[in-house]
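Observations on the three-dimensional arrangement
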Amino acid sequence: MSGSKDYSPFERNDAFLKALTKEQDFQLSGEVPEREIRAVGKRLGVDYVLAVNIIITDDGYCHMSGRLINLETGAIVKSVNQKREYENSEVLTAMANNIAYRLLNKNSK
């Protein structure tokens, strides 16, 4: 992300991470408090958030999904999903890099 001409990464802080955790907890319950996460992003001057969910299943697969969220509107700009056989942490790194590329590259679908 640091090499992107279109986006500038920001360091996470406790307030932002707590808001993201709340958002994720509410998503799992079926309720998404977009106003909370959007308000924190606005205070921090953040326009977009990359949210990634990773699940490693008992059958040895890693499922990773990512979303690029516009914090001003709450809209999901782009979402991507992957599934790979999980062997070690290198698989997670490769998948995360692929997810980030696909979310941030304008030519990627």
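What you see is a predicted model; the values in this text were computed from it and never measured.

Let's shift gears to the pairing of strand β2 (residues 61-70). Counting buried positions along β2 yields 7 of 10 residues, so the element is predominantly enclosed. As defined by bridge partners, strand β1 (residues 48-56) adjoins β2 across 9 bridges and the pair is classed as antiparallel. Bridging across to β2, N53 finds its partner in S65. Between β1 and the antiparallel strand that follows it, β2, lie 4 residues; G60 among them carries a positive phi value of about 90°. In the sheet, β2 pairs with strand β3 (residues 76-85) via 9 bridges, with the strands oriented antiparallel. Counted as the bridge partner of I69 is I76 from β3. Adjacent in sequence and paired antiparallel, β2 and β3 are bridged by 5 residues, among which G74 carries a positive phi angle near 80°.

This brings us to helix α3 (residues 89-104). With 16 residues, α3 ought to run about 22 Å at 1.5 Å a step, and its terminal C-alpha atoms sit 23 Å apart, in line with that. Restricting attention to buried positions, one finds in α3 the residues V91, M95, I99, L103 and L104. For α3, the elements touching its buried residues are β1, β2 and β3. For α3, the side-chain oxygen to backbone nitrogen distance between the N-cap and E90 is 2.9 Å, and the N-cap itself is N88.

Spatially, β1-β2-β3 is the arrangement adopted by the 3 strands of the open sheet, whose pairing is antiparallel. Pairing within the sheet leaves two strands with one partner each, and these edge strands are β1 and β3. On average, each strand axis in the sheet is inclined to that of its neighbour by 10°, with strand direction left out of account. Most of the contacts of α3 go to β3, to which it runs at about 155°, and overall it touches β1, β2 and β3.

Moving on, we come to the packing of aromatic side chains. A full pass over the atoms with the stated rule returns 0 aromatic pairs. Lying across the ring of Y61, K83 places its NZ or CZ 4.6 Å from the centre.

Once that is clear, we can look at the nonpolar core. Counting residues in each nonpolar core, the largest one holds 9 residues, listed as C62, M64, L68, V80, V91, M95, I99, L103 and L104. Of all the secondary structure elements, the ones that give two or more residues to this core are β2 and α3. The leading source of residues in this core is α3, at 5 residues. If we skip the residues at most four places from it in the chain, I99 touches V52, M64, S65, G66, V80 and Q82. If you look at the next biggest cluster of nonpolar residues, it comprises 5 residues, including V46, V49, A51 and I69.

Rules behind the numbers
Residues numbered from 1 in each chain as written. Predicted model: local features only at pLDDT ≥ 70, side-chain atom pairs only at ≥ 80, totals over all residues. Heavy atoms only, no water. Buried < 20%, exposed > 50% of the residue type's maximum accessible area, 1.4 Å probe, protein only. Helix = DSSP H or I, 4+ residues; strand = E, 2+ residues; numbered from the N terminus. Pairing = 2+ DSSP bridges. Expected span 1.5 Å × (residues − 1). Contact = heavy atoms within 4.5 Å. Polar contact = N/O pair within 3.5 Å; in protein donor to acceptor, adjacent residues only side chain to side chain. Axes fitted to C-alpha atoms, helices over the stretch in contact; angles between N-to-C directions. Phe/Tyr/Trp six-rings, centres within 6.5 Å; stacked < 30°, edge-to-face > 60°. Lys NZ or Arg CZ within 6 Å of the ring centre and 35° of its normal. Core = buried A, V, L, I, M, F, W, Y, C linked by side-chain atoms within 4.5 Å.

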